Amino acid sequence: TSPERILFPQEHIYMDWLHTRRPGPGLRNLGSTCYINVILQCLTYTPPLANYLLSRQHSQSCHQQDFCMMCVMEDHVRKIMYSLANAILPRAVLKNLKFIGEFKPGVAGDAYEFLCCALYAMQNACLTESRVSDISSEVTTIIYQIFGGFLRSRVTCLRCHAVSDSYEAFLEILLKIQAASSLTTVLENFVKPKLLDGKLCMTCSRHRKKTIASKEMTIHYAPRVLTLCLGRVDVRSSRKISQVVEYPECLDIQPYTSKAAGEPLLYSLYAVVVHSGETCCAGHFFCYVKASDGLWYKMDDESVDSCDTHTVLGQQAYLLFYIR
């Protein structure tokens, strides 16, 4: 259905950096806050989001009296981009952790969980200010216009071939890596039809009986920024899956979309989050980001060091950020 209101016009989104700057400083770690630091750095170096936050469009019209994640991020990105310090402390984020999610200062957390909560908090800030009530309008915020897409779930009855489609909005995609050695294999497994039988049998709408079916998930509407999490927790044993999954600098996601054929849908890698450590409950997070000068930098809490593409592509990646 068409939205009642467009909360942020697509034509006002600038995908390329509006200004070239040197990379900003690192972020101080207050003990177990590396999971926060990596997400703040990756969001800061997301060009369309940074362009918007640096324009101060949100804060100039924001009337929220208490916590606002968009205002917090705007303040943070401005500090990073204009700071001459060696490292800064993301005070506003740390002070408001309880409003972002179930995080506590000094307690280790997960970078993917913090990313999901941070995006949701920014989305919520946009909606609180706009006061819309229809779901179609909710996906027209600046956050959904950048990170948002739609997945299509297609269930096909294998008896009569009746098809049922449903759609789900997303801001990021969690992928099972299992024994896959490459991102392309992971994505192929993601869109591969799964058999629904036994307890998972569906009730066919045509002959109204439980029947064997297949379910296929595809990317129906591709986002401007595609955020992928390579799920490294083994659900059965809770152990960390430490294998290296190869990922490209340039990714074509057309084969994983709802369209059977079409022009390549190309994305370029601009940020990678890495988890080092034997288990998922302990260890350390650091990241690689491509700054506005087009060069790669390793950001490990307070340290910011230049590096080459070969190094970036050789990591045991946890989160991958691609831009169209």
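In the nomenclature of an unreviewed UniProt entry, the protein chain is known as UBP42 hydrolase of Pachyramphus minor.

### Remarks on the overall build of the protein chain
Broken down by element type, the protein chain carries eleven helices and 16 strands. Computed over C-alpha atoms, the radius of gyration of the protein chain comes to 21 Å, within 12% of the 20 Å expected from 2.2 N^0.38 for 324 residues, which places it in the range of a compact globule. The dimensions of the protein chain, computed from C-alpha atoms along their principal axes, are 65 × 45 × 40 Å. Relative to its 324 residues, the protein chain shows a buried fraction of 50%. Summarising the internal contacts of the protein chain: among those between residues at least 6 apart in sequence, 67% fall at separations of at least 24.

### Considerations on the pattern of salt bridges
Evaluated as defined, the whole model comprises four salt bridges. A salt bridge links E74 to R56; its shortest N-O distance comes to 3.8 Å. Linking E74 in helix α4 (residues 69-82) with R56 in the loop between α2 (47-54) and α3 (57-61), this pair joins segments that are 18 residues apart in sequence. Overall, the relative accessible area of 38% leaves R56 in the partly exposed class. Two residues, K79 and D75, come together in a salt bridge whose shortest N-O distance is 3.5 Å. One end of the pair is K79 and the other is D75, both in helix α4 and four residues apart, which spans about a single turn. What makes K79 partly exposed here is its relative accessible area of 41%.

### Regarding the nonpolar core
For soluble globular proteins, the rule of thumb is that nonpolar side chains tend to be buried together. Counting 67 residues, the largest nonpolar core has L43, M70, F114, I143, V273 and L319 as its most contacted members. With eleven residues, helix α7 (residues 111-130) is the single largest residue contributor to this core. Other than its neighbours up to four places away in sequence, I143 contacts L49, M70, L119, M122, Q123, C126, G148 and L171.

### Structural notes on the sheet that holds strand β3 (residues 149-157)
Ordered in space as β4-β3-β9-β6, the four strands form an open sheet in which the pairing is antiparallel. Taken across any chain shown, the strands that pair with only one partner, and hence form the sheet edges, are β4 (163-170) and β6 (194-196). Ignoring strand direction, the axes of neighbouring strands in this sheet form an average angle of 30 degrees. Here β6 runs beside strand β9 (residues 213-221); their pairing, made up of three bridges, is antiparallel. The residue bridging L195 from the neighbouring strand is S214, located in β9. Packing against the sheet, helix α10 (residues 183-191) makes contact with β3, β6 and β9, and its axis sits at approximately 125 degrees to β9.

### Some points on the environment of A125
With respect to the element layout, A125 can be found in helix α7. Distance from A125 to F67, taken between C-alpha atoms, is 8.7 Å for residues 58 residues apart in sequence. For A125, the contacting residues outside a window of four places in its chain are H58, Q64, C68, M69 and M70.

### Brief notes about α2
Within α2, eight of the eight residues are buried, leaving the element largely enclosed by the surrounding structure. Of the positions making up α2, those classed as buried are P47, P48, L49, A50, N51, Y52, L53 and L54. One or two positions beyond α2, positive phi appears at R56, with a value near 60 degrees.

### Concerning the pairing of strand β10 (residues 225-231)
Judged by how many residues are buried, β10 sits mostly within the fold: seven of seven residues are covered. Burial along β10 is two-sided: the face carrying V225, T227, C229 and G231 and the face carrying L226, L228 and L230 are both buried. Bridging between strand β5 (residues 173-176) and β10 involves four bridges; their strand directions are parallel. Its bridge partner lying in β10, L174 is registered against C229. Of the pairings in the sheet, the one linking β10 to strand β16 (residues 317-323) comprises five bridges and is antiparallel in character.

The rules behind these values
Residues numbered from 1 in each chain as written. Predicted model: local features only at pLDDT ≥ 70, side-chain atom pairs only at ≥ 80, totals over all residues. Heavy atoms only, no water. Helix = DSSP H or I, 4+ residues; strand = E, 2+ residues; numbered from the N terminus. Rg over C-alpha atoms; globule rule 2.2 N^0.38 Å. Buried < 20%, exposed > 50% of the residue type's maximum accessible area, 1.4 Å probe, protein only. Contact = heavy atoms within 4.5 Å. Salt bridge = Lys/Arg side-chain N within 4 Å of Asp/Glu carboxyl O. Core = buried A, V, L, I, M, F, W, Y, C linked by side-chain atoms within 4.5 Å. Pairing = 2+ DSSP bridges. Axes fitted to C-alpha atoms, helices over the stretch in contact; angles between N-to-C directions.

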